[in-house]
Amino acid sequence: MKTRIILIIVISFLLTVDASAQASITSKYNGYRDGDKLYRIVANDTTLGNRGENCVWTLPPAENDDNYFRQTIYLRNDSLTIVEGDLMLHYIATDQKLSLRGFQTRDMYSLQDTLSLELSYPFAYGDSIADTFSRTSTYYNTFTVREEGNCYTVCDGKGVLTDGTETLKDVLRVHRHNTTISEYDERDGNDDQLKHVVS
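Rules used throughout
Residues numbered from 1 in each chain as written. Predicted model: local features only at pLDDT ≥ 70, side-chain atom pairs only at ≥ 80, totals over all residues. Heavy atoms only, no water. Helix = DSSP H or I, 4+ residues; strand = E, 2+ residues; numbered from the N terminus. Buried < 20%, exposed > 50% of the residue type's maximum accessible area, 1.4 Å probe, protein only. Contact = heavy atoms within 4.5 Å. Core = buried A, V, L, I, M, F, W, Y, C linked by side-chain atoms within 4.5 Å. Salt bridge = Lys/Arg side-chain N within 4 Å of Asp/Glu carboxyl O. Pairing = 2+ DSSP bridges.

### As for unusual backbone geometry
- In this structure, Pro-122 follows Tyr-121 across a cis peptide bond, with omega equal to -10°.
- Of note in this structure, Asn-141 is not a glycine but carries a positive phi near 55°.
- The residue Asn-141 is located in the loop between β11 (128-139) and β12 (143-162) in this model.
- The backbone phi angle of Asp-170 is positive, close to 55°, even though this residue is not glycine.
- Locating Asp-170 in the fold gives a position in strand β13 (residues 167-187).
- Overall, Asp-170 belongs to the partly exposed group, its relative accessible area being 37%.

### Focus: the side chain of Ser-27
- Here Ser-27 lies in helix α1 (residues 27-30).
- A relative accessible area of 18% places Ser-27 in the buried class.
- Once residues within four sequence positions are removed from consideration, Ser-27 is found in contact with Thr-94, Asp-95 and Tyr-121.

### Structural notes on the nonpolar core
- Ile-25, Leu-80, Ile-82, Tyr-91, Leu-98, Leu-119 and Phe-123 are the most contacted members of the largest nonpolar core, which totals 17 residues.
- Only β6 (79-84), β7 (87-93), β8 (97-104), β9 (108-120) and β13 provide two or more residues apiece to this core.
- With three residues, the single largest contributor to this core is β8.
- Look past the residues within four positions of Ile-82 in its chain and what remains in contact with it is Tyr-32, Gln-71, Thr-72, Ile-73, Leu-87, Met-88, Leu-89 and Tyr-91.

### Notes on the pattern of salt bridges
- Throughout the structure, instances matching the rule amount to nine salt bridges.
- Between Glu-53 and Lys-158 there is a salt bridge; the shortest N-O distance is 3.6 Å. With Glu-53 in strand β4 (residues 52-58) and Lys-158 in strand β12, this residue pair connects regions lying 105 residues apart in the sequence.
- On the basis of relative accessibility, which here comes to 28%, the residue Lys-158 falls in the partly exposed class.
- Residue Arg-176 pairs with Glu-118 through a salt bridge whose shortest N-O separation is 3.0 Å. With Arg-176 in strand β13 and Glu-118 in strand β9, the pair connects residues that are 58 residues apart, well separated along the chain.
- For Glu-118, a relative accessible area of 15% corresponds to the buried category.

### Some details on the pairing of β9
- One ladder, built from seven bridges, connects β8 with β9; its direction is antiparallel. Across the sheet, residue Lys-97 finds its bridge partner in β9, namely Ser-120.
- The antiparallel pairing of β8 with β9 creates a hairpin that spans three residues between the two strands.
- For β9 and β11, the ladder comprises five bridges, and the chain directions are antiparallel. Across the sheet, the residue bridging to Met-108 is Tyr-139, located in β11.

Here you go:
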């Protein structure tokens, strides 16, 4: 049986930049460092939805800790791992670019066939990059998923970020959009192979 569904993932994040030069994201000033402890905040896209210049982004008040996800950074040479709960994201991080190599949880492991370009340095307002990706994921040691798709990253806003009490200046918004087509194989109780296509 074949099923086709479109899976679109949109990710936005905001970064402060070095104000002494043209506002751009660089590995030196914005790259991850070993031992960093960060919090990823889940916010409604309409709250941080403004694009363009001179934007004012307001973080919504945290109603509870469910909106905050702690991340711990591990960096050895160019091998970067971001740990968030049981999720581990694996990257290659150089002075020129940040590329995804795979990710895993307790229940699955996913490995890129080729590195997926997440960000190139320097990255300034108006810059964009496009890339393709393909990967194989294994879930519960029961079925595998083959995924391929396109990713597009754009720096589409600059301005300030505030939580109502403090304000960060010289902030750039980076917006990432993924489109994925998946094909997965699983085995039923008779060990027969079932194949599905999701796009």
